Structure formats: C-alpha cells, structure tokens
Amino acid sequence: MTSISEDEFERLLVTFERDAIHLETRDAYGTAVELPYMAKWAVGEPDDLAWLEGWCESLREHVKAGRSVRRARIVSEPLSDYQRWSHSIAEPMVDAGEDIRWVPRRLVSSLALPGNDYYLFDDRLAVFLIYAGNGLAVDRVASTDPADLKLCRSAFEAVWQLAIPHRDYQPV
C-alpha cells in the first residue's frame, strides 16, 4: 500500500471507467471543506449548497457516460450532528446521480468490514481513507492487492443489501 496525494485522489474520482463505490463508517468527519458549512447549519443559517456543485457536475457527467457512483453510510442512531447535517445536504448529490444509502450500525455487527473507510474504483484500486480522531483526513492509501479488492467489494455488497435509499431513510 502506498500513500497518494489529494490531487491523485481527486483525479481518481473523475477518471474511473465503470463504477466507484464508497463505504463510510464514521459518525463524524471534520473535512476542511465541510466544517464551515456544517457550522452554519448548526446555528440555523441557510446554505445554498453551491459549494457542492463541482461534485454534482462530476456526478452528472458520470451518469451521462454510464458510470455508477454508490455510497453506503453506516451510522449510529440517533444520528450524530455530523450525520444529521450530512443527511440534510445529500439531496443534490442524489439528484445528480449518486446512489446514497444509509445503514443503521446495529444491522452490520456480523459483517466483515475493512478497518477504514474506502473507495473502490472499477474493482482495480482501493483507496483507504485514514482519519485522525477528530475526523480530519490525514492520509489516503492505495492498494491493488487482490485480497484488499475482494474484501472491499464483498463488504460493500453486504452492507448494500441492508442499506436504505436516501429518500426512504428517516433519521432517528
């Protein structure tokens, strides 16, 4: 496994050929991009979500090209503030073509899951996302090891079987 730069990771998000799957397992994140918007939400300030437009445009391009983007979020219930905020801003991404689904943590106890969140691109490259305790991303580690690819695919599909589509998920 080797670390990849943020630029390399960003390139992967737009250049995959067939599908990208993303498994999220944390109740809170602290990404530098998101923190200011979450802070506004926490005090009830409106957000036009314009900052999501670049990602939404990428999603629309993927859909046009026949590529699939799926995200499963394993969450504790009741939801953390981060996940409540995340749920509140997901609609534009779903509208743009990302299939986002939610899985209550209590349902995944018997599933074998990787130790970190990850993206799997075209079943050829796994990128594990490494976070500090405060939720800030500290590294992205890429792997082409067949065992890692198999674990990521099987874990995601097992979670997906239990997942609730965004529009049907009612946060507790």
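In what follows, the structure referred to is the one given above.
Treat the numbers as computed from the prediction; the structure is a model and nothing was measured.

Help me get a handle on the overall build of the protein chain, residues and values and all.
Looking only at helices and strands, the protein chain features six helices and eight strands. Its helices and strands taken in sequence order, the protein chain reads β-α-β-α-α-β-α-α-β-β-β-β-α-β from the N to the C terminus. What you see for the protein chain is a C-alpha radius of gyration of 16 Å, in line with the 16 Å of a compact globule of 172 residues. With respect to the three principal axes, the spread of C-alpha positions in the protein chain is 45 × 35 × 30 Å. Put simply, the protein chain has 172 residues, and 44% of those count as buried. Of the contacts made within the protein chain by residues no fewer than 6 positions apart, 77% connect residues no fewer than 24 positions apart. Per element, the accessible surface of the protein chain, about 8,700 Å² overall, is 53% carbon and sulfur. With 19 positive and 29 negative side-chain charges, the protein chain shows a spacing of 4 Å between the two charge centroids.

An account of the pairing of strand E2 (residues 19–24) is requested, with residue identities and associated values reported.
Counting buried positions along E2 yields six of six residues, so the element is predominantly enclosed. Of the two faces of E2, the one carrying Asp 19, Ile 21 and Leu 23 and the one carrying Ala 20, His 22 and Glu 24 are both buried. One ladder, built from six bridges, connects E2 with strand E3 (residues 68–75); its direction is parallel. Of the residues in E3, the one forming a bridge with Ile 21 is Arg 70. Sheet topology places E2 next to strand E5 (residues 117–121); four bridges connect them, and they run antiparallel. Along E5, the bridge assignment pairs Ala 20 with Phe 121.

An account of unusual backbone geometry is needed here, citing residue identities and associated values.
With an omega of 0 degrees, the peptide bond between Glu 77 and Pro 78 qualifies as cis. Examined against the element boundaries, Pro 78 turns out to sit in the loop between E3 and helix H4 (81–89). At Leu 49, a position not held by glycine, the phi torsion is positive, near 60 degrees. For Asp 123, which is not glycine, the phi dihedral falls at a positive 55 degrees. Mapped onto the elements of the fold, Asp 123 is located in the loop between E5 and strand E6 (125–131). We classify Asp 123 as partly exposed; its relative accessible area is 32%.

With reference to specific residues and values, describe the pairing of E6.
In the case of a regular strand, side chains alternate between the two sheet surfaces. In terms of residue burial, E6 counts as a mostly covered element, since six of its seven residues are buried. Of the strand pairs in this sheet, E5 and E6 are connected by five bridges, and their pairing is antiparallel. When the sheet's bridge partners are listed, Phe 121 is paired in E6 with Leu 125. The loop that links E5 with its antiparallel partner E6 comprises three residues; one of these, Asp 122, has a positive phi angle of about 55 degrees. With six bridges connecting them, E6 and strand E7 (residues 137–143) associate as antiparallel partners. Residue pairing across strands places Tyr 131 opposite Ala 137, the latter belonging to E7. Hairpin geometry of E6 and E7 is characterised by an intervening segment of five residues between the two adjacent antiparallel strands and by a positive phi of about 95 degrees at Gly 135.

Cut-offs used in this document
- Residues numbered from 1 in each chain as written.
- Predicted model: local features only at pLDDT ≥ 70, side-chain atom pairs only at ≥ 80, totals over all residues.
- Heavy atoms only, no water.
- Helix = DSSP H or I, 4+ residues; strand = E, 2+ residues; numbered from the N terminus.
- Rg over C-alpha atoms; globule rule 2.2 N^0.38 Å.
- Buried < 20%, exposed > 50% of the residue type's maximum accessible area, 1.4 Å probe, protein only.
- Contact = heavy atoms within 4.5 Å.
- Areas by Shrake-Rupley, 256 points an atom, 1.4 Å probe, with all protein chains shown as cover.
- Lys, Arg positive; Asp, Glu negative; His and termini not counted.
- Charge placed at Lys NZ, Arg CZ, Asp CG, Glu CD.
- Pairing = 2+ DSSP bridges.

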